[in-house]
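# Survey of secondary and tertiary structure
One-letter residues, chain by chain:
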Amino acid sequence: PEIKTDKNYGNAGGTAKDKAAIIEKFGADNVERIYRLQDVQKGMLYHSLEKAGNNEYKMQYRIHMGFYMDAELAEEAINVVSDKYGALRTSIVYKKVTEPMQVVLKNRKPIVEVVEVNGDITEELVNEYVERDLNRALDLEDSPLFAVTILHNYKTMEMIWNFHHILMDGWSLP
């Protein structure tokens, strides 16, 4: 097996024990990059952990498509985007390390839930899923930090993108 050094993982900082803990948690073959958190990310992490159930940094983006689209193809497209952009495969490691770090994993699929709706996709129904997704428990170290709920019927589709602000901000979206 290849021996991995800091050059393989990026300029992560932290100690050798920190890297060993990350490798033990995710596996050497699954760690793509390790980054130090930026100060603003450290602040978001602190406030996210300070209060259990704090939704302050959970972000949502809704996409309405007024036409039929195959939900399986939409799910496949979401996975392709996640495979391409490391930020969507990120974990924030803060347990068992001396300083929190952002770890980009090679293999981490987003949570994609496809809901087939019989009848119209009403604003009330969408709002129920928006609220449910917003209140879903999120562990920054163990959960995928990017999830999509797809509501679809025979004529329209509504996507609800859910992510933690520590990954990206509103400027990152169309």
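See the structure shown above.
Okay, so let's go over this structure.

What counts and what doesn't
Numbering of residues starts from 1 in every chain and runs along the sequence as written. In keeping with the model being predicted, local features are shown solely for residues with a pLDDT of at least 70 and side-chain atom pairs are shown and tallied solely at 80 or more, while totals for entire chains, interfaces and linings include all residues. Based on all heavy atoms of the structure, the side-chain values leave hydrogens and waters out of the count. Two strands pair under a simple rule: DSSP has to find at least two bridges between them. The numbering of helices and of strands both runs from the N terminus, where a helix is a DSSP run of H or I of at least 4 residues and a strand a run of E of at least 2. Axis lines are fitted to C-alpha atoms, over the contacting stretch for helices. Their N-to-C directions set the angle, which ranges from 0 to 180 degrees. By the convention used here, residues are in contact when the closest approach between their heavy atoms is within 4.5 Å. Any pair of N or O atoms that falls within 3.5 Å is considered a polar contact. Within protein, one atom must be able to donate a hydrogen and the other to accept it, and sequence-neighbouring residues count only if both atoms are side-chain atoms. We call a residue buried when its accessible area falls under 20% of the maximum for its residue type, exposed when it is over 50%, and partly exposed in between, using a 1.4 Å probe and counting protein chains only. Note on definitions: salt bridges are taken to be side-chain nitrogens of Lys or Arg within 4 Å of carboxyl oxygens of Asp or Glu. Expected helix span is computed as 1.5 Å times (number of residues minus one).

### Some remarks on the sheet that holds strand β5 (residues 111-116)
Backbone-to-backbone hydrogen bonds pair the strands of a sheet. The strands run either parallel or antiparallel. Taken in spatial order, the four strands of this open sheet run β2-β7-β6-β5, and their pairing is mixed. Both edges of this open sheet fall to β2 (58-65) and β5, since each of them pairs with a single strand only. Between one strand axis and the next, the sheet turns through 15° on average, direction left out of account. Across the sheet, helix α5 (residues 123-134) touches β2, β5, β6 (146-152) and β7 (157-164), and the angle it forms with β2 is around 155°.

### Considering the environment of Glu 158
With respect to the helices and strands, Glu 158 occurs in strand β7. Separated by 37 residues in sequence, Glu 158 and Ile 121 have C-alpha atoms that sit 7.9 Å apart. A polar contact is formed between the side chain of Glu 158 and the side chain of Arg 62, at a distance of 3.2 Å.

### Looking at the environment of Leu 140
Tracing the backbone through its elements, the reader meets Leu 140 in the loop between α5 and β6. Under the relative-accessibility criterion, Leu 140 is labelled buried at 3%. When the C-alpha positions of Leu 140 and Ile 92 are compared, they lie 5.4 Å apart, and in sequence the two are 48 residues distant. Not counting residues within four places of it along the chain, the set of residues in contact with Leu 140 comprises Leu 45, Ser 48, Ser 91, Ile 92, Tyr 94, Leu 145 and His 164.

### Topic: the pattern of salt bridges
Across all of its chains, the model carries 14 salt bridges by this definition. The salt bridge partner of Arg 89 is Glu 32, with a shortest N-O separation of 3.2 Å. Pair noted here: Arg 89 is in the loop between α4 (71-84) and β3 (90-93) and Glu 32 is in strand β1 (residues 31-36), with a separation of 57 residues, a long-range link. Arg 89 sits in the buried class, given a relative accessible area of 3%. Exposure remark for Glu 32: the relative accessible area of 30% places this residue in the partly exposed category. We note a salt bridge from Asp 120 to Lys 155, for which the minimum N-O separation is 3.5 Å. Placement of Asp 120 in the loop between β5 and α5 and of Lys 155 in the loop between β6 and β7 is noted, with a sequence separation of 35 residues between them.

### What to know about the sheet that holds β1
On the basis of which strands lie adjacent, the open sheet formed by three strands has the order β1-β4-β3 and antiparallel pairing. Lying at the two open borders of the sheet, with one neighbouring strand each, are β1 and β3. Adjacent strand axes in the sheet meet at a mean angle of 25°, parallel and antiparallel pairs treated alike. Alignment of β1 against strand β4 (residues 101-105), held across five bridges, turns out to be antiparallel. Within β4, the position partnered with Arg 36 by the bridge is Met 101.

### Details of α5
With twelve residues, α5 should cover 16 Å at 1.5 Å per step; its first-to-last C-alpha distance of 16 Å lies within 8% of that length. Contacts made by the buried residues of α5 are with β2, β5, β6 and β7.

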